Amino acid sequence: MSLLHDGVRRDAFAELSRFRGEFYSCLTRRGDALFELADAVLCADGPVRSLVELSLVGEHRRGHGGLYDALARGRIDADGLRRALASVPLPRAGDGRLVLAVDITCWLRPDAHTSPERVLCHTYGRGKDQHIPVPGWPYSVITALEPGRSSWTAPLDALRLAPGDDAAQVTARQLRDLVKRLISARQWQAGDPDVLVVADAGYDAPRLAFLLKDLPVQVLARMRSDRVLRRACPPRLPGTMGRPPRHGGEFVFGQPDTWGIPDAATVTETRLYGTATARSWDRLHPKLTHRSSWTAEAGTLPVIEGTVIRLEVDHLPSGAIPKPVWLWWSGADATFADVDCLWQTFLRRFDIEHTFRLFKQTLGWTRPKIRTPEAADRWTWLILAAYTQLRLARPLAADLRRPWEKPAPPERLTPARVRRGFRHLRAHVANPASAPKPSHPGPGRPPGRKNSQPTPRHDVHTARKTGPTKSAAKRTKKSNTPRPRRTG
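As the structure is a prediction and not an experimental result, all values here were calculated from the model.

Definitions and cut-offs
- Residues numbered from 1 in each chain as written.
- Predicted model: local features only at pLDDT ≥ 70, side-chain atom pairs only at ≥ 80, totals over all residues.
- Heavy atoms only, no water.
- Helix = DSSP H or I, 4+ residues; strand = E, 2+ residues; numbered from the N terminus.
- Rg over C-alpha atoms; globule rule 2.2 N^0.38 Å.
- Buried < 20%, exposed > 50% of the residue type's maximum accessible area, 1.4 Å probe, protein only.
- Contact = heavy atoms within 4.5 Å.
- Areas by Shrake-Rupley, 256 points an atom, 1.4 Å probe, with all protein chains shown as cover.
- Lys, Arg positive; Asp, Glu negative; His and termini not counted.
- Charge placed at Lys NZ, Arg CZ, Asp CG, Glu CD.
- pLDDT = per-residue confidence, 0-100.
- Phe/Tyr/Trp six-rings, centres within 6.5 Å; stacked < 30°, edge-to-face > 60°.
- Lys NZ or Arg CZ within 6 Å of the ring centre and 35° of its normal.
- Polar contact = N/O pair within 3.5 Å; in protein donor to acceptor, adjacent residues only side chain to side chain.
- Salt bridge = Lys/Arg side-chain N within 4 Å of Asp/Glu carboxyl O.
- Expected span 1.5 Å × (residues − 1).
- Pairing = 2+ DSSP bridges.

Draft legend 1. Seen up close, the overall build of the chain. In terms of helices and strands, the chain carries 12 helices and 14 strands. Computed over its C-alpha atoms, the radius of gyration of the chain comes to 25 Å, within 12% of the 23 Å expected for a compact globule of 488 residues. Per-residue burial for the chain yields a buried fraction of 45% across its 488 residues. Expressed as a percentage of contacts within the chain between residues at least 6 apart in sequence, the contacts between residues at least 24 apart total 69%. For the chain, the exposed area adds up to about 26,100 Å²; of that, 52% sits on carbon and sulfur atoms. Both charge centroids of the chain, one from 77 positive and one from 49 negative side chains, sit 7 Å from each other.

Draft legend 2. Main features of the confidence of the model for the chain. Of the residues in the chain, 93% reach a pLDDT of 70 or more, and the chain-wide mean stands at 89. Segment residues 466-475 is flagged for pLDDT under 50; beyond a separation of four residues in sequence, or across chains, it makes 0 contacts in the model.

Draft legend 3. View of the packing of aromatic side chains. Inspection of every chain in the model, using the stated rule, returns 18 aromatic pairs. Ring plane angle 55° and centroid distance 5.6 Å describe the contact between Trp107 and Trp365, whose orientation is recorded as tilted. One end of the pair, Trp107, is in strand β3 (residues 99-108); the other, Trp365, is in the loop between α8 (351-361) and α9 (373-392), and 258 residues separate them in sequence. Between Trp259 and Trp326 the ring centres are 5.4 Å apart and the planes differ by 75°, which places this aromatic pair in the edge-to-face class. Here Trp259 is found in the loop between β10 (250-252) and β11 (264-270), whereas its partner Trp326 is found in strand β14 (residues 325-329), with 67 residues between them in sequence. Judged by relative accessible area, Trp326 falls into the buried class, the value being 3%. Here the aromatic cluster, defined as three or more aromatic residues joined through ring pairs, consists of Phe251, Phe253, Trp259, Trp281 and Trp326. The lysine or arginine in question, Arg207, covers the ring of Trp294, its NZ or CZ lying 4.8 Å from the ring centre. We note Arg349 situated over the ring of Phe350; from NZ or CZ to the ring centre the distance is 4.7 Å.

Draft legend 4. Looking closely at the environment of Ser55. Structurally, the position occupied by Ser55 is in the loop between α2 (31-43) and α3 (64-73). Relative accessible area serves as the criterion here: at 14%, Ser55 is assigned to the buried category. Remark: the alpha-carbon pair of Ser55 and Ala40, spanning 15 residues in sequence, is separated by 7.7 Å. A distance of 2.6 Å separates a polar side-chain atom of Ser55 from the backbone oxygen of Val52.

Draft legend 5. Molecular detail of the pattern of salt bridges. For the coordinates displayed, the defined rule picks out 33 salt bridges. Two residues, Arg426 and Asp39, come together in a salt bridge whose shortest N-O distance is 2.8 Å. Of this pair, Arg426 sits in helix α11 (residues 422-426) while Asp39 sits in helix α2, and the two are 387 residues apart along the sequence. Just as Arg426 is buried, Asp39 falls in that class too. We note a salt bridge from Glu312 to Arg279, for which the minimum N-O separation is 3.5 Å. Of this pair, Glu312 sits in strand β13 (residues 306-313) while Arg279 sits in strand β12 (residues 274-285), placing them 33 residues apart in sequence. A relative accessible area of 31% places Glu312 in the partly exposed class. Relative accessible area serves as the criterion here: at 23%, Arg279 is assigned to the partly exposed category. Each member of the salt-bridge network shares a partner with another, and the members are Asp103, Asp200, Arg222, Arg349 and Glu353.

Draft legend 6. Geometry of the environment of Pro116. Secondary-structure assignment places Pro116 in the loop between β3 and β4 (119-124). Judged by its relative accessible area of 22%, Pro116 falls in the partly exposed class. Put simply, Pro116 and Glu411 are 295 residues apart on the chain and 43 Å apart in space, counted from C-alpha to C-alpha. Not counting the four nearest positions on each side in its chain, Pro116 is found in contact with Trp137, Arg371, Pro373 and His458.

Draft legend 7. Structural detail: α2. With 13 residues, α2 extends 18 Å between its outermost C-alpha atoms, agreeing within 8% with the 18 Å of an ideal straight helix rising 1.5 Å per residue. Counting buried positions along α2 gives 13 out of 13 residues, so the element sits mostly inside the fold.

Draft legend 8. Structural context of the side chain of Arg426. Take Arg426: its relative accessible area is 18%, and that puts it in the buried class. Ignoring sequence-local partners within four residues, the contact set of Arg426 consists of Arg20, Asp39, Cys43, Glu59 and Asn431.

Draft legend 9. Fine view of the pairing of strand β9 (residues 228-231). Judged from the 3 bridges that link them, β9 and β10 form a sheet pairing that is antiparallel. Of the residues in β10, the one forming a bridge with Leu229 is Phe251. With 2 bridges connecting them, β9 and β12 associate as antiparallel partners. Within the sheet, the bridge partner assigned to Arg231 lies in β12 and is Leu284.

Draft legend 10. Quick peek at the pairing of strand β5 (residues 131-145). Counting buried residues in β5 gives 12 out of 15 residues, a clear majority hidden from the surface. Where β3 and β5 come together, 9 bridges link them in antiparallel fashion. The residue of β5 that forms the bridge with Thr105 is Tyr139. Pairing of β4 with β5 involves 6 bridges; the strand directions are antiparallel. What sits directly across from Thr123, in β5, is Ile132.

Draft legend 11. How the structure looks around helix α5 (residues 167-184). For α5, built from 18 residues, the straight-helix expectation of 26 Å at 1.5 Å per residue is met to within 8% by its first-to-last C-alpha distance of 26 Å. For α5, every residue scored as buried is listed here: Ala168, Val170, Thr171, Ala172, Gln174, Leu175, Leu178, Val179, Arg181 and Leu182. Two residues or fewer past α5, Arg186 is found with a positive phi of approximately 60°.

Take a look at the structure:
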């Protein structure tokens, strides 16, 4: 590979070497073995199929015993690695703001009966609307999104959800710590646009906005189509007696006669979806009650106002029947430009699915049969560090395509194509790992002696349901016409 010594490539090599040095400094125990394990993931030929096969990669100079020992007994400074990820160059939207996507992906471990802290993860079956709970370790991942269509994202944090964790509380705390790190790394400064957090319908967007209201953050999330929001209270007439109301009229997503005249409406011609029509209504809020995630809140519950956007398209690329998408934005008084920018930004949220697929199918994130969740966390951080090195190597890699693949311009190379040429780039960047020392394997268990210390087995954590009625427990078939959710 020819190396052109221009300014862009020099800066890219310097940034890649700097991150590799910071990554190595975060490996506080078995650091050399962990560092070479991450390099083996990047330099392996083809997808990672098993953990032991990485010891056969030329860049991994240690045996398979040292590989497993590094994951089982190594130590990674997760906070230091989080700061290193927050300090690398990050993609930004057209107006210069940071767009963060948050989602939960699961490392399924259905047969790992000796692995603790497994919970039931919801997965999609082959049937329509079929959800199958499978035991595993769920991880909450936050990435920075690029403005255009791309399979690249910038992973910034990953946190495993422990049994009994409240997803909203954990995500809010994770986002709070990340925003503080971005401010410390000068990725966000006073006067910059607020950081936009994009989430899917699995998150309670109003509660997330309420927990992050003291930070320069805006929340954009999809809402279910059976929600019911409330309008702001009308002005109180003079001489009216009684307690003033806190909620105005209903805004039912499934009843167009309750919508009224939208505050903004746009029509956009798109290449994949045809005509996209977006309408917005300002200052709508859910009617909160002291249940679910608001049980611990004392006193009067807040009124969390936002903007609701309804997006309709002519057709989908897959040929399926398009359904309207409802979005909730924590801002107010959205302009026509804001409406167009918000729904287009929400579509970029699905780029995080490309990252999850690369983690699992190419980098082998869920391939190892790791027993302890602590070792799973170490392997997860190695995958995030490896992917970050791929992203920093984008301007340096050549298109080593297969004969049946179409040529791609340098700025449109996918992460898998950049990974093919990383072995050639590795010789020109910093490699702080030292050579392995000669050692001899331990004696192990004597032949013929049985295992006197069997590994304990752990049950899968299941969430307890509070007070279901007998009639509700007997209902197994989902109703085709569910009632609107009037409380949030």
